[in-house]
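One-letter residues, chain by chain:
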Amino acid sequence: MTELTELLLADSVGLVTPQILRFDDPLPLDCGRTLASYDLIYETYGELNAARSNAVLICHALSGDHHAAGYHSAKDRKPGWWDSCIGPGKPFDTRHFFVVSVNNLGGCKGSTGPTTINPATGQPYGPDFPIVTVKDWVRSQARLADHLGVKQWAAVIGGSLGGMQVLQWSIDYPARIRHALVIAAAPKLSAQNIAFNEVARQAIMSDPDFHAGHYYAHDVIPRRGLMLARMLGHITYLSDDLMRAKFGRELREGKLNFGFDVEFQVESYLRYQGRAFVERFDANTYLLMTKALDYFDPASDYGHDLSAALQGVTASFLVVAFTGDWRFAPARSREIVRALLDGDKDVSYAEIEANEGHDAFLMPIPRYMEVLDAFMRRVAAEGGL
Amino acid sequence: MVISADTGSSQTALRPDLDIISQWITPGSRVLDLGCGDGTLLAHLWDTRQVSGYGLEIDSGNIAKCIRAGVNVIQTDLDAGLSDFDEASFDYVVMTQTLQAVYYPARLLDEMLRVGREGIVTFPNFGHWRCRMHVALRGRMPVSRTLPEEWYNTPNIHLCTLRDFEALCAKKGIRILQRTVVDYAHHSNFAMSLLPNLLGEIALYRFQRIK
């Protein structure tokens with residue numbers, strides 16, 4: 001990609017610089033422990049208006065971070081992970097909205113997490129970093145909102161694990177969120193979802209280089225385990241149809257070699273994805289994120305009745321699912337919609353035809369973009385933006 | 001299933017029947033619109049009757065249009081039923097130009113009166129004299145202004161006449177509260193009210209369950 005031409009594209013937010021905010025106000029966590037102090041790293045795109053009424057929050061998924069749009073430097077090969085949606089003229093239009101994207105606690109991209117030095121020991125937290133939940137994240141994001149002077153988000157937006165944070169926001173802070181965009185999410189994980197997460201965790205923890213999570217001290221990383229975890233995850237993000245279309249049974253060398261080296265293209269692709277991931281992600285963070293997913297179940301505080309959990313929400317919802325997503329299939333989104341309908345809440349639901357699997361929520365699929373755009377126009381209009 | 005191709009394309013022509021329907025609807029009530037197309041009816045009812053409620057629509061091309069119109073829309077297949085909705089949760093369940101295009105119209109009528117206090121439907125009258133002439137004189141399936149498709153590509157798989165519909169209602173214990181017939185341009189006249197099944201091109205009904 002030629003850097004400058006891309007940076008100068010009219011619909012890019014261009015060069016962005018993350019900001020780090022230090023909190024010294026202790027944060028109580030669901031696990032019973034407290035973070036005495038912590039950092040949150042975040043990026044913003046667009047301008048906060050005088051009334052501070054045009055802020056939208058982007059919540060990231062399992063392996064995401066605060067870098068959702070634009071470029072950190074002219075040398076970057078790729079923009080932020082949701083660049084397809086954030087920018088002037090895009091659904092989350094930075095000409096109207098002040099977009100905030102934050103790296104969650106427990107992350108490995110600048111917010112306090114396992115790789116951070118624990119002030120109590122002078123060593124990285126590693127496996128001693130508390131297990132954080134979606135509720136904890138939302139609580140920390142609310143403090144970021146306080147700092148930014150945002151009393152109420154025009155919208156909170158997220159896909160997958162990000163969508164779960166949106167749901168939690170609408171339940172925990174109903175007065176602080178006007179619109180909720182819950183994309184490719186579920187109200188809780190199924191046993192199958194948890195099973196996949198457990199295999200991923202076992203892959204990491206059984207790697208001899210894991211050292212019970214203290215691998216930093218040994219100057220190694222559980223490369224093989226994290227790679228396996230990512231390969232497994234990746235299979236669940238794609239659909240059977242997409243894999244067939246992309247790889248079929250194509251052989252790298254055009255013939256069977258009767259060995260266990262890479263033979264099929266799909267094997268080569270998965271190994272590449274796994275290896276690339278190891279370079280950019282921390283194994284302890286991966287473990288934490290999968291736990292946050294497993295634990296998410298807002299209905300459990302309300303007698304396992306999702307309708308009851310959503311009884312107090314006041315936000316207007318857009319729920320989106322994708323037909324080819326088998327990780328969080330449309331039926332899972334329908335559970336959320338149904339619970340909202342039970343309470344006569346404002347909700348629209350779109351089921352987008354797409355064979356990209358769970359990852360479809362990151363793709364600029366025309367019908368999907370159209371729906372996001374239509375809803376965000378409503379967000380802008382209702383907020384007088 | 002393509003049920004909204006029909007509603008969508010004739011949306012501008014449909015406006016007068018939306019007027020008739022909105023006159024039937026008590027202001028401030030809760031409305032569920034089955035096969036809501038681009039949301040025109042609900043947006044209209046919102047403006048003129050301050051109703052609340054949802055539209056159900058299957059055609060993905062219409063979802064963004066509904067959202068843009070400020071309508072709460074749920075993308076769903078009506079043939080899968082209305083199981084997402086509780087009993088008696090709406091004052092009216094409305095279905096314009098869709099009854100004839102679903103797989104299970106009788107079951108859907110039951111569902112309408114399960115979730116709604118009253119039902120309102122509109123459908124093209126297959127008993128209109130032009131339809132009858134098509135079959136009687138030309139021996140062909142009717143193609144008309146209200147039924148523009150050929151038999152092999154029509155989404156309208158369960159066509160009926162006024163009498164057919166009323167017979168079904170009688171069998172199901174459904175009381176018809178109001179009936180209007182109009183022509184293609186949604187005008188009515190005295191002759192039409194005398195011979196509705198022969199002269200009416202589009203039928204509009206409001207009905208409820210006999211307690």
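Residues numbered from 1 in each chain as written. Chains lettered and ligands numbered in written order. Predicted model: local features only at pLDDT ≥ 70, side-chain atom pairs only at ≥ 80, totals over all residues. Heavy atoms only, no water.

Enquirer: For this particular structure, what's the right way to read the overall build of chain A?
Expert: Across its full length, chain A holds eleven helices and ten strands. For 385 residues, the compact-globule formula gives about 21 Å, and the C-alpha radius of gyration of chain A, at 21 Å, lands near that figure. C-alpha atoms of chain A, sized along the principal axes, occupy 65 × 50 × 50 Å. Across the 385 residues of chain A, 56% fall into the buried class. In chain A, 71% of the contacts between residues at least 6 apart in sequence involve partners at least 24 apart. Surface accessibility of chain A: about 16,000 Å² in total, with carbon and sulfur atoms responsible for 54%. (Helix = DSSP H or I, 4+ residues; strand = E, 2+ residues; numbered from the N terminus. Rg over C-alpha atoms; globule rule 2.2 N^0.38 Å. Buried < 20%, exposed > 50% of the residue type's maximum accessible area, 1.4 Å probe, protein only. Contact = heavy atoms within 4.5 Å. Areas by Shrake-Rupley, 256 points an atom, 1.4 Å probe, with all protein chains shown as cover.)

Enquirer: Explain the pattern of salt bridges to me, please; I cannot follow it from the model alone.
Expert: Pairing between side chains becomes possible if they bear opposite charge and their charged atoms approach one another. Under the criterion given, the structure shown has 32 salt bridges over all chains. Between Arg201(A) and Glu198(A) there is a salt bridge; the shortest N-O distance is 3.3 Å. Of the two residues, Arg201(A) and Glu198(A) are both situated in helix α4 (residues 191–205); the distance of three residues between them amounts to about one turn of the helix. If you follow the salt bridges from partner to partner, you end up with Asp91(B), Arg117(B), Glu118(B) and Arg206(B) in one network. (Salt bridge = Lys/Arg side-chain N within 4 Å of Asp/Glu carboxyl O.)

Enquirer: Looking at this model, I keep getting lost on the confidence of the model for chain B. Mind explaining?
Expert: Reading predicted coordinates in detail is not appropriate for stretches of low pLDDT. Residues and elements named next belong to chain B. With 93% of its residues at a pLDDT of 70 or more, chain B has an overall mean of 89. The element-level mean pLDDT for chain B is lowest in helix α1 (residues 4–9), coming to 38, with strand β3 (residues 73–75) highest at 98. In this model, residues 1–14 is a region of pLDDT below 50 whose contacts with residues beyond four sequence positions or in other chains number 25 contacts. (pLDDT = per-residue confidence, 0-100.)

Enquirer: When you look at the environment of Ile117(A) in this model, what are you seeing that I'm missing?
Expert: Relative to the helices and strands, Ile117(A) is located in the loop between β6 (98–102) and α2 (134–148). When sequence neighbours within four positions are dropped, the list of residues in contact with Ile117(A) reads Gly122(A), Gln123(A), Pro124(A) and Tyr125(A).

Enquirer: Is there a simple way to think about the side chain of Thr94(A) in this case?
Expert: Mapped onto the secondary structure, Thr94(A) falls in the loop between β5 (55–59) and β6. Excluding residues within four positions of it along the chain, Thr94(A) makes contact with Val13(A), Tyr45(A), Gly46(A), Ile86(A), Gly87(A), Pro88(A) and Val99(A).

Enquirer: Explain the pairing of strand β7 (residues 202–209) of chain B here, please?
Expert: In summary, the side chains of a regular strand alternate between the two faces of the sheet. Residues and elements named next belong to chain B. Taken across its eight residues, β7 has seven buried, putting it largely inside the fold. By the bridge criterion, eight bridges tie strand β6 (residues 174–182) to β7 in an arrangement that is antiparallel. From the neighbouring strand, Gln-178 faces β7, where its bridge partner is Arg-206. (Pairing = 2+ DSSP bridges.)

Enquirer: Explanation requested: helix α7 (residues 162–172) of chain B in the structure shown.
Expert: Given 3.6 residues per helical turn, the α-helix brings residues three or four places apart onto the same face. Residues and elements named next belong to chain B. Within the span of α7, buried status applies to Leu-162, Phe-165 and Cys-169. For α7, the buried positions fall inside an angular range of 70° around the axis, keeping them on one side. Opposite the buried face of α7, at more than 90 degrees from it, the exposed residues are Arg-163, Ala-170 and Lys-171. Here the buried face of α7 lies against α5 (105–115), β5 (116–124), β6, α9 (196–199) and β7. By the N-cap criterion, in which a side-chain oxygen at the helix start approaches the backbone nitrogen of a residue two or three places on, α7 is capped by Thr-161, the distance to Arg-163 being 3.3 Å. Positive phi shows up at Gly-173, right after α7, with a value of about 70°. (Arc of directions from axis to C-beta. Polar contact = N/O pair within 3.5 Å; in protein donor to acceptor, adjacent residues only side chain to side chain.)

Enquirer: Please clarify how helix α5 (residues 223–237) of chain A should be interpreted in this entry.
Expert: Along its 15 residues, α5(A) runs 21 Å from first to last C-alpha, staying within 8% of the 21 Å computed at 1.5 Å per residue. On its buried face, α5(A) sits against α4, α7 (265–280) and α8 (283–295) of chain A. (Expected span 1.5 Å × (residues − 1).)

Enquirer: Please clarify how the pairing of strand β4 (residues 38–45) of chain A should be interpreted in this entry.
Expert: Residue and element names in this part refer to chain A. In terms of residue burial, β4 counts as a mostly covered element, since seven of its eight residues are buried. The pairing of strand β1 (residues 19–23) with β4 spans five bridges and is classified as antiparallel. Looking across to β4, one finds that Gln-19 is bridged to Tyr-42. Sheet topology places β4 next to β6; four bridges connect them, and they run antiparallel. Bridge assignment links Thr-44 to a residue of β6, and that residue is Val-100.

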